[in-house]
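# Observations on the three-dimensional arrangement
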Amino acid sequence: MKLRLRSATAQAVAFVFIIMLLAAVLAGVMIAILVGFDLLPEVPYPALVWSIAALIVCTAIGTGLSALLGRWFLRPVNQLIKATRSVGKGDFSVRVDETGAKSELADLMKSFNKMAEELGSLELFRRDFINTFSHEFKTPIVSIRGFARQLRHADLTDEQRREYTDIIINEADRLTNMSSNILTLTRFENQQIVTDTEDIQLDEQLRSCILLLEKDWMKKNISFDLELDSVHFHSNQEMLSQIWLNLIGNAIKFSHEGGEVRVSCKKVGGRGVRVTVADDGIGMDEETQRHVFEQFYQGASSRSTAGNGLGLTITKRIVELMHGDISLKSEKDRGSVFSVFLPDMAK
């Protein structure tokens, strides 16, 4: 049967054994040569003296071999130590050479490279988030400052003053909403379990969310097609409302004047519920669909005229916390369909 040393401890023991064996063999060869050529002097108590001499020679040879071979044996460990220090200084691009052997040390080196790769991805994400966050905050602030300076001019008409004031108010509202959404996203990203669950009449909650957005859909003369089963559901009411307000709000925002939004709520085989929100608005191209759930992503210019690119990120995070899933089907200029499945948390 083929044996394979998988344990680092076993490898270390084997290394020490080989060193001892080589030292003993070399010492034995040296003594045999001396005996063969009659080079050993006469001494009292020869057995004791030559045994001690052999032990000293074995020790000297073993120490020399250990110094030479130890560098090779410990090279992966030293490389790992050096790489760990580099990571500690913030260099996440460092990697160690992985060995083909099957051992704890090889697994450790693979795990280190995986850790460094993940840390590098997190650092890249952090920098990208900071850059995007700074840009998103800077844009409305610059706009507010510019129009505030315009208001200082005495030759403005009343209509211009109202227009500039409305722009400042809208940009301030945008900053407020962005700050609120960032705080909400941070709270949900740091949350691992759903608490404060209760029994909810889900179809009634969806109707309430639609009524909360009445001002928006009345302004665009949008109609609703509701297909809502009577569903008793056990979950966190606030988090569910956040999902529906984001999805229905987006459907209204990107619908055409006089368009229609369809909302359905169906039980799924006693396992949970599926809620679908569809619109016949501007839709999304394939590139936008791939990135639509990313932070601050707003897609093409037609979709970047409103919002801050955080609503769907928050929505997806809540769905993940509830162990559900969210999917999207969309076609440019033909609308979008968001489908959310959520398991009943009372099951």
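Let us look at the structure shown here. Fair warning: this is a prediction, and the values are worked out from it, not measured in the lab.

With that settled, consider a positive patch on the surface. Residues K138, R145, R149 and R152 make up a contiguous surface patch of positive charge. With respect to the secondary-structure elements, R149 resides in helix α3 (residues 104-150).

One non-glycine residue, N221, adopts positive backbone phi at about 55 degrees. One non-glycine residue, D333, lies in positive phi territory at about 65 degrees. Following the sequence through the fold, D333 ends up in the loop between β6 (325-331) and β7 (335-343). A residue is classified by how much of its surface remains accessible, and D333, at 55% relative accessible area, is exposed.

The next point concerns the nonpolar core. Counting residues in hydrophobic clusters, the biggest one holds 47 residues, and the most contacted among them are L202, L240, W244 and L342. Elements with a minimum of two residues in this core: α4 (158-189), α5 (202-212), α7 (237-253), β4 (260-268), β5 (272-279), α9 (311-321), β6 and β7. Sort the elements by how many residues they give to this core and α7 lands first, with 8 residues. In this view, L202 contacts V231, F233, L240, W244, C265, V273 and V275; residues no more than four positions away in its chain are not counted. Among the nonpolar cores identified, the runner-up in size contains 7 residues, and V87, V94, V96 and M109 belong to it.

The subject of this paragraph is the sheet that holds strand β2 (residues 223-228). Overall, mixed pairing links the 5 strands, which are arranged β2-β4-β5-β7-β6 in an open sheet. In the strand order of this sheet, the two ends are held by β2 and β6, each with one partner. Taken pair by pair, the neighbouring strands of this sheet meet at an average axis angle of 10 degrees, ignoring direction. Sheet analysis places β5 next to β7, joined by 7 bridges and oriented antiparallel. Bridged to R274 within β7 is F341. The sheet strands contacting α7 are β2, β4, β5, β6 and β7, and the helix crosses β7 at an angle near 170 degrees. Sheet strands in contact with α9 are β6 and β7, and its direction is about 140 degrees off that of β6.

It is worth spelling out the pattern of salt bridges at this point. The full count for this structure, using the stated rule, is 7 salt bridges. Note that E227 is salt-bridged to K266, the shortest N-O span being 2.9 Å. In this pair, E227 sits in strand β2 while K266 sits in strand β4, placing the two residues 39 residues apart along the sequence. Of the residues examined, K266 reaches a relative accessible area of 29% and is grouped as partly exposed. Two residues, E320 and R317, come together in a salt bridge whose shortest N-O distance is 3.9 Å.

With that settled, consider the packing of α7 against α9. The interhelical angle for the contact between α7 and α9, taken along N-to-C directions, is 140 degrees, at an axis separation of 9 Å. Like other packed secondary-structure pairs, α7 and α9 cross with a definite hand, here left-handed. Contacts between α7 and α9 involve M239, Q242, I243, N246, L247 and N250 on the former and, on the latter, G311, L312, I314, T315, I318, V319 and L321. Here the residues of the contact of α7 with α9 sort into 8 nonpolar, 5 polar and no charged.

Scoring rules and cut-offs
Residues numbered from 1 in each chain as written. Predicted model: local features only at pLDDT ≥ 70, side-chain atom pairs only at ≥ 80, totals over all residues. Heavy atoms only, no water. Patch = residues over 30% accessible without salt bridge, like charges linked within 9 Å, V, L, I, M, F, W, Y side chains within 5 Å. Areas by Shrake-Rupley, 256 points an atom, 1.4 Å probe, with all protein chains shown as cover. Salt bridge = Lys/Arg side-chain N within 4 Å of Asp/Glu carboxyl O. Lys, Arg positive; Asp, Glu negative; His and termini not counted. Charge placed at Lys NZ, Arg CZ, Asp CG, Glu CD. Helix = DSSP H or I, 4+ residues; strand = E, 2+ residues; numbered from the N terminus. Buried < 20%, exposed > 50% of the residue type's maximum accessible area, 1.4 Å probe, protein only. Core = buried A, V, L, I, M, F, W, Y, C linked by side-chain atoms within 4.5 Å. Contact = heavy atoms within 4.5 Å. Pairing = 2+ DSSP bridges. Axes fitted to C-alpha atoms, helices over the stretch in contact; angles between N-to-C directions. Left-handed = near helix turned anticlockwise from the far one by under 90°. Nonpolar A, V, L, I, M, F, W, Y, C, P; charged D, E, K, R; others polar.

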